[in-house]
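Working through the structure, step by step
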Amino acid sequence: MTEAILLVGGRGTRLRPLTVHTPKPMVPAAGVPFLTHQLARARAAGVEHIVLATSYLAEVFEPYFGDGSAFGLRLEYVTEEEPLGTGGAIRNVASRLHSGPDEPVLIFNGDILTGLDIRALVHTHESTGADVSLHLTKVTDPRAYGLVPTDETGRVTAFLEKPQTPEEIVTDQINAGAYVFRRSVIDTIPMGRPVSVERETFPDLLAAGAHLQGMVDSTYWLDLGTPAAFVRGSADLVLGRAPSPAVPGRCGDRLILPTASVATGAKLTGGTVVGEGAFVGEGARISGSTLLSGAVVEPGAVITDSLIGARSRIGERSVLTGAVIGDGAVVGADNELRDGVRVWCDARIPAGAVRFSSDQ
């Protein structure tokens, strides 16, 4: 296997305001754009040529990654004029592939952080003679996902959309967002219109008698679609819980990029990342959080499980838990922002304006 398609066209609406100015795969995780981790892992598995299926803010990818030679890859970029869904995006880039009709093509979503053994998935595909092979993972609560039951040989028997009742939960296996396609199967996807592989392509192939093989791999897996998940994924990369050869430093409790400045009395724990040019003041305590480039955390602030956008500022003694602060926003001193709050880009919150406790 030498070729792959990487689906990076989504708008990342669940991650806003992080994705107002930046496409989801380019939001930094563990100090580098998340896409960097996926490219590095694909290269480590033997992939040489990757076609990026882009759409939203497509113009930012190529200036950063170029032709891919810095990663030992050959990268190409194809932009959708109108969103085509997962299947439509795959079909839209098929002309850039060089594989023969029976050769395997790896396809993966641009928002999944996983420890998947890519070579094992390809081996499963080839050894079973499958038309499509899917990475499956087991989850404790599968209600938010599409279920993929398999028989005793691992062959997929059905695709079941999000179950609504206990009786509908017939398996804890879900589609984990990485596939190997026989090259000729890609050409059967309709061109020029939106197509979902999950809702249309896979069920139609199954109905037509195609061989769809599942491989359960229960290593690290996380959908980075929400701010809380993205922050957790970045921290897990720094802590070494999620594997990636692209983390720019040693795994540990914190990752401070070279041009960042952290006061001696500040405490950083839980996989915290301090981005390029960011500043952390004296006595600040930051756990499990990410500060993007140029962010400022003033003395005495306490930040937990939060993402602080580029060039934003957190005032003295402010307490943030589970918060997302957009690029360029300013949170004044002595504010308290709790789980789920999203402060939009360039917003201004005056000192002491938002609290959950007394100001005394």
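Residues numbered from 1 in each chain as written. Predicted model: local features only at pLDDT ≥ 70, side-chain atom pairs only at ≥ 80, totals over all residues. Heavy atoms only, no water.

Per an unreviewed UniProt entry, the chain goes by NDP-sugar synthase and derives from Streptomyces gibsoniae. The Sequence similarities (unreviewed entry) field of the UniProt record for the chain holds the comment "Belongs to the transferase hexapeptide repeat family." (UniProt positions renumbered as here; feature names shortened; annotations may be inferred.)

1. Overview of the UniProt feature "domain: Mannose-1-phosphate guanyltransferase C-terminal" (unreviewed entry) in the chain
Summarizing the sequence annotation, UniProt attributes the feature "domain: Mannose-1-phosphate guanyltransferase C-terminal" (unreviewed entry) to residues 252–343 in the numbering used throughout. Segment residues 252–343 splits into 0% helix and 41% strand. End C-alpha atoms: 29 Å apart. (Helix = DSSP H or I, 4+ residues; strand = E, 2+ residues; numbered from the N terminus.)

2. Focus: the layout of surface pockets
In this model, the largest pocket occupies a volume close to 1,200 Å³. In this structure, the largest pocket is lined by 42 residues; those nearest its centre are R14, T86, N109, D111 and E198. Where the lining of the largest pocket is concerned, the elements lending two or more residues are α3 (85–92), β9 (173–182), α6 (197–207) and β11 (221–223). Top contributing element to the lining of the largest pocket by residue count: β9, with five residues. (1 Å grid on protein atoms, 1.4 Å probe; cavity = no way out; pocket = protein on both sides within 12 Å on 5 of 7 lines; lining within 4 Å. Points joined across faces, edges and corners; volume = space filled by probe spheres on them.)

3. Brief notes about the environment of L320
Topologically, L320 is positioned in strand β23 (residues 319–321). With near-sequence residues (within four places) excluded, L320 lies in contact with V302, I303, T304, S306, I308, I314, I325 and L337. (Contact = heavy atoms within 4.5 Å.)

4. Points about the sheet that holds strand β25 (residues 330–331)
Sheet architecture is open: six strands sit in the order β13-β16-β19-β22-β25-β28, paired in parallel fashion. The open sheet has two edge strands with one neighbour each: β13 (261–262) and β28 (348–349). (Pairing = 2+ DSSP bridges.)

5. Overview of the pattern of salt bridges
Evaluation of the coordinates by the stated rule reveals 15 salt bridges. Ionic pairing is found between D236 and R241, a salt bridge with its closest N-O pair at 3.4 Å. On the basis of relative accessible area, D236 is assigned to the buried category, the value being 5%. Across the salt bridge formed by R317 and D334, the nearest N and O atoms sit 2.8 Å from each other. Here the residue R317 occupies a position in the loop between β22 (313–314) and β23, and D334 occupies one in the loop between β25 and β26 (336–337), the gap between them amounting to 17 residues. Relative accessible area serves as the criterion here: at 44%, R317 is assigned to the partly exposed category. A relative accessible area of 27% means that D334 is categorised as partly exposed. When salt bridges that share partners are traced, they join R74, E76 and R96 into one network. (Salt bridge = Lys/Arg side-chain N within 4 Å of Asp/Glu carboxyl O. Buried < 20%, exposed > 50% of the residue type's maximum accessible area, 1.4 Å probe, protein only.)

6. Thoughts on the UniProt feature "domain: Nucleotidyl transferase" (unreviewed entry) in the chain
Residues annotated in UniProt with the feature "domain: Nucleotidyl transferase" (unreviewed entry) correspond here to residues 4–236. Here residues 4–236 runs as 26% helix and 23% strand, with 25 Å between its end C-alpha atoms.

7. Comments concerning α3
Note: α-helices contain 3.6 residues per turn, so residues at a spacing of three or four share the same orientation. Among all positions of α3, only G87, G88, A89, I90 and R91 are buried. Residues of α3 that are buried make contact with β1 (3–7), β4 (49–54), β6 (104–109), α5 (183–186) and α6.

8. A look at helix α7 (residues 227–239)
For α7, with 13 residues, the first-to-last C-alpha span of 18 Å sits near the 18 Å given by 1.5 Å per residue. With 10 of 13 residues buried, α7 lies mostly within the body of the structure. P227, A229, F230, V231, G233, S234, A235, D236, L237 and V238 are the residues of α7 that are buried. Two residues or fewer after α7 comes G240, characterised by a positive phi angle close to 90 degrees. (Expected span 1.5 Å × (residues − 1).)

9. A short note on the environment of I50
With respect to the helices, strands and loops of the structure, I50 is situated in strand β4. As for I50 and I112, which are separated by 62 residues in sequence, their C-alpha atoms are 17 Å apart. The contact partners of I50, leaving out residues within four places of it in the chain, are A4, L6, L39, A42, L73, R74, L75 and E76.

10. With respect to the sheet that holds β6
Read across the sheet, seven strands follow the order β5-β4-β1-β6-β9-β8-β10 without closing on themselves; strand pairing throughout is mixed. The outermost strands of the open sheet, each flanked by one partner alone, are β5 (74–79) and β10 (212–216). With strand direction ignored, the average angle separating the axes of adjacent strands in the sheet is 25 degrees. In this structure, strand β8 (residues 132–138) lies alongside β10, joined through five bridges in parallel fashion. In the strand pairing of β10, L134 is matched with G214. Its contacts with the sheet place helix α4 (residues 118–128) against β6, β8, β9 and β10, and it is angled at close to 65 degrees to β9. (Axes fitted to C-alpha atoms, helices over the stretch in contact; angles between N-to-C directions.)

11. Focus: the packing of aromatic side chains
Two measures describe an aromatic ring pair: the distance that separates the ring centres and the angle between the ring planes. Here the structure, examined in full by the defined rule, presents seven aromatic pairs. Between Y179 and F202 the ring centres are 5.1 Å apart and the planes differ by 75 degrees, which places this aromatic pair in the edge-to-face class. Here Y179, found in strand β9, pairs with F202, found in helix α6; they are 23 residues apart in sequence, far enough to count as distant. This pair shows no difference in class: Y179 is buried, exactly as F202 is. Chaining the aromatic ring pairs together yields one cluster made of F159, Y179, F181 and F202. (Phe/Tyr/Trp six-rings, centres within 6.5 Å; stacked < 30°, edge-to-face > 60°.)

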